[in-house]
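The residues making up each chain are set out below.
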Amino acid sequence: MKYSFTRFPLKLLCASLLMAALLFSGAIAQDEGVDKANQAKESFNTAIESVQKGDTATAISLYKGALELDNTLVDAHMNLGSIYFAQKKYKEAEGSFKAYTDAKPSDPIGFINLGKLYSVQKKITNAQAAYEGALAADENYAEAQKELGKLYYSAKKYDDCIGAMEKYTAKTDDYYALYLLGAAHGKKKSYNKAIESYKKALAVKANHFESLRNMGKIYSKKENFSKAVSYYKKALKAKPKDYKTAYNLAISVQSIDPEDYDACIAQWQKFLKLARKVPKAKKYIASTEELIKSLKEAKVVASEQ
């Protein structure tokens with residue numbers, strides 16, 4: 001039996017073969033793309049494991065490798081920036097965080113990290129722009145207000161600090177932000193507002209040293225020495241070796257009643273004991289010894305009258 005074959009015109013046959021070749025090469029390219037993407041993800045995940053093991057050098061290499069395989073895997077930029085930041089390689093960290101914010105301008109986290117990087121380097125203008133970028137990405141991103149508040153305080157822009165921290169603390173109970181809000185009010189001598197903020201901070205963290213100490217300072221300025229003593233004692237309980245607070249406590253005790261010699265002597269002796277253990281406080285030792293001596297002499301004179 002003879003079989004007859006349908007013959008294709010030569011041009012049509014060549015065109016068909018070319019199309020098949022193109023489809024085949026496209027399939028190969030697609031497979032290679034999928035393979036690269038999977039390799040990139042594997043490299044990224046292995047990098048995370050390396051960080052957890054403390055092997056940051058390997059992690060850096062793996063994150064870079066992941067980006068070479070798939071440049072859309074932009075979270076690698078974020079993680080690289082974090083590693084460089086911890087290593088104080090600020091130029092490299094800046095490059096990584098900027099790459100992330102360029103790729104994800106709607107994510108405020110990249111801008112926050114970039115702002116913190118600039119803040120550490122005292123690049124106030126750049127830091128402010130970065131935090132404002134975070135708010136542009138998400139106007140409700142509260143952490144940006146907090147970081148702006150901290151930045152303004154360090155730059156002595158106390159009104160701006162108050163504005164930012166009031167917005168932030170309206171959304172969350174953050175003892176440090178409330179403390180900083182109180183400190184900014186204190187710098188402006190708005191003592192009642194400062195006290196209100198410190199009390200809110202202490203309601204969140206009762207043993208926060210800075211809030212307790214500053215409450216003592218404010219009440220000293222207001223000449224309410226009984227309350228000053230109360231807060232200084234609490235502050236010293238939180239931080240027993242703070243000689244400046246111990247010094248202020250002794251002054252406040254003496255200010256309540258300069259002729260209560262026993263109380264005054266006892267408090268100055270406590271300060272003296274601490275001062276002898278703290279190198280920075282040694283300059284107060286001679287004058288404190290002289291003061292205690294004078295108080296004891298005054299006590300003798302008073303007892304003889």
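In this report, we go over the structure that sits alongside the text. Not measured: the values here are computed from a predicted model.

### Re the environment of Gln269
Locating Gln269 in the fold gives a position in helix α14 (residues 261-275). Sequence spacing of Gln269 and Thr288 is 19 residues, and the spatial spacing of their C-alpha atoms is 8.3 Å. For Gln269, the residues in contact, after removing those within four places along its chain, are Ile292 and Lys296.

### Examining the packing of helix α11 (residues 209-221) against helix α12 (residues 225-238)
Between α11 and α12, the shortest axis-to-axis distance is 8 Å and the interhelical angle comes to 160°. Between α11 and α12, the interaxial angle falls into the category roughly antiparallel. Judged by the twist between their axes, the crossing of α11 over α12 is left-handed. Seen from α11, the contacting residues are Phe209, Leu212, Arg213, Met215, Gly216, Lys217, Tyr219 and Ser220; seen from α12, they are Phe225, Lys227, Ala228, Tyr231, Tyr232, Lys234, Ala235 and Ala238. For the contact of α11 with α12, a count of residues per class yields ten nonpolar, two polar and four charged.

### Side note on the nonpolar core
The biggest cluster of nonpolar side chains holds 81 residues, and the ones touching the most others in it are Tyr63, Met165, Tyr198 and Met215. Looking at this core, the element that brings in the most residues is α14, giving eight residues. Those residues in contact with Met165, other than ones at most four positions away along the chain, are Lys146, Gly149, Lys150, Ala177, Leu180 and Leu181.

### Quick look at a positive patch on the surface
A surface patch of like charges, here positive, comprises Lys156, Lys187, Lys189, Lys217, Lys221, Lys244, Lys280 and Lys283. Residue placement: Lys280 occurs in the loop between α14 and α15 (285-304). The class for Lys280 is exposed, based on a relative accessible area of 64%.

### Some remarks on unusual backbone geometry
One non-glycine residue, Lys122, lies in the positive phi region at around 65°. Counting through the fold element by element, Lys122 comes out in the loop between α5 (108-120) and α6 (124-137). With a phi angle near 65°, Lys189 is a residue other than glycine that sits in the positive phi range. Within the fold, Lys189 resides in the loop between α9 (175-187) and α10 (191-204). Given a relative accessible area of 62%, Lys189 falls into the exposed group.

### A word on the side chain of Asp70
Inspection of the secondary structure assignment puts Asp70 in the loop between α2 (56-69) and α3 (75-86). Among the polar contacts listed, one links the side chain of Asp70 to the side chain of Thr72, at a separation of 2.5 Å. Setting aside its immediate chain neighbours within four residues, Asp70 contacts Ala37 and Ala40.

### Description of α12
With 14 residues, α12 extends 20 Å between its outermost C-alpha atoms, agreeing within 8% with the 20 Å of an ideal straight helix rising 1.5 Å per residue. Of the positions making up α12, those classed as buried are Phe225, Ala228, Val229, Tyr231, Tyr232, Ala235 and Leu236. In this structure, the buried side of α12 is in contact with α10, α11 and α13 (243-256).

### Concerning the environment of Ser61
On the secondary structure map, Ser61 appears in helix α2. Of the residues examined, Ser61 reaches a relative accessible area of 48% and is grouped as partly exposed.

### Examining the pattern of salt bridges
Counted according to the given criterion, the structure contains nine salt bridges. For Asp75, the salt bridge goes to Lys104, with nearest N and O atoms at 3.5 Å. Of this pair, Asp75 sits in helix α3 while Lys104 sits in the loop between α4 (90-103) and α5; the two residues are 29 residues apart in sequence, bridging distant segments of the chain. Under the relative-accessibility criterion, Lys104 is labelled partly exposed at 32%. For Lys98, the salt bridge is made with Glu94, and the minimal N-O distance between the two is 3.4 Å. Of this pair, Lys98 and Glu94 both sit in helix α4, separated by four residues, roughly a single helical turn. For Lys98, a relative accessible area of 38% gives the class partly exposed.

### Regarding the packing of α5 against helix α7 (residues 142-154)
In the contact formed by α5 and α7, the axes pass within 11 Å of each other and the chain directions differ by 10°. With respect to α7, the element α5 is oriented roughly parallel. Across the interface between the two elements, Ile112, Lys116 and Ser119 of α5 pack against Glu143, Ala144, Glu147 and Leu151 of α7. Classifying every residue of the contact of α5 with α7 gives three nonpolar, one polar and three charged.

### As for α10
For α10, built from 14 residues, the straight-helix expectation of 20 Å at 1.5 Å per residue is met to within 8% by its first-to-last C-alpha distance of 20 Å. Burial in α10 covers these residues: Ala194, Ile195, Ser197, Tyr198, Ala201 and Leu202. Along α10, the residues classed as buried sweep out an arc of 165° about the axis, all on the same side. Those residues of α10 that are exposed and angled more than 90 degrees off the buried face are Asn192 and Ala203.

Parameters and conventions
Residues numbered from 1 in each chain as written. Predicted model: local features only at pLDDT ≥ 70, side-chain atom pairs only at ≥ 80, totals over all residues. Heavy atoms only, no water. Helix = DSSP H or I, 4+ residues; strand = E, 2+ residues; numbered from the N terminus. Contact = heavy atoms within 4.5 Å. Axes fitted to C-alpha atoms, helices over the stretch in contact; angles between N-to-C directions. Parallel < 35°, antiparallel > 145°, perpendicular 65-115°, else oblique. Left-handed = near helix turned anticlockwise from the far one by under 90°. Nonpolar A, V, L, I, M, F, W, Y, C, P; charged D, E, K, R; others polar. Core = buried A, V, L, I, M, F, W, Y, C linked by side-chain atoms within 4.5 Å. Buried < 20%, exposed > 50% of the residue type's maximum accessible area, 1.4 Å probe, protein only. Patch = residues over 30% accessible without salt bridge, like charges linked within 9 Å, V, L, I, M, F, W, Y side chains within 5 Å. Areas by Shrake-Rupley, 256 points an atom, 1.4 Å probe, with all protein chains shown as cover. Salt bridge = Lys/Arg side-chain N within 4 Å of Asp/Glu carboxyl O. Lys, Arg positive; Asp, Glu negative; His and termini not counted. Charge placed at Lys NZ, Arg CZ, Asp CG, Glu CD. Polar contact = N/O pair within 3.5 Å; in protein donor to acceptor, adjacent residues only side chain to side chain. Expected span 1.5 Å × (residues − 1). Arc of directions from axis to C-beta.

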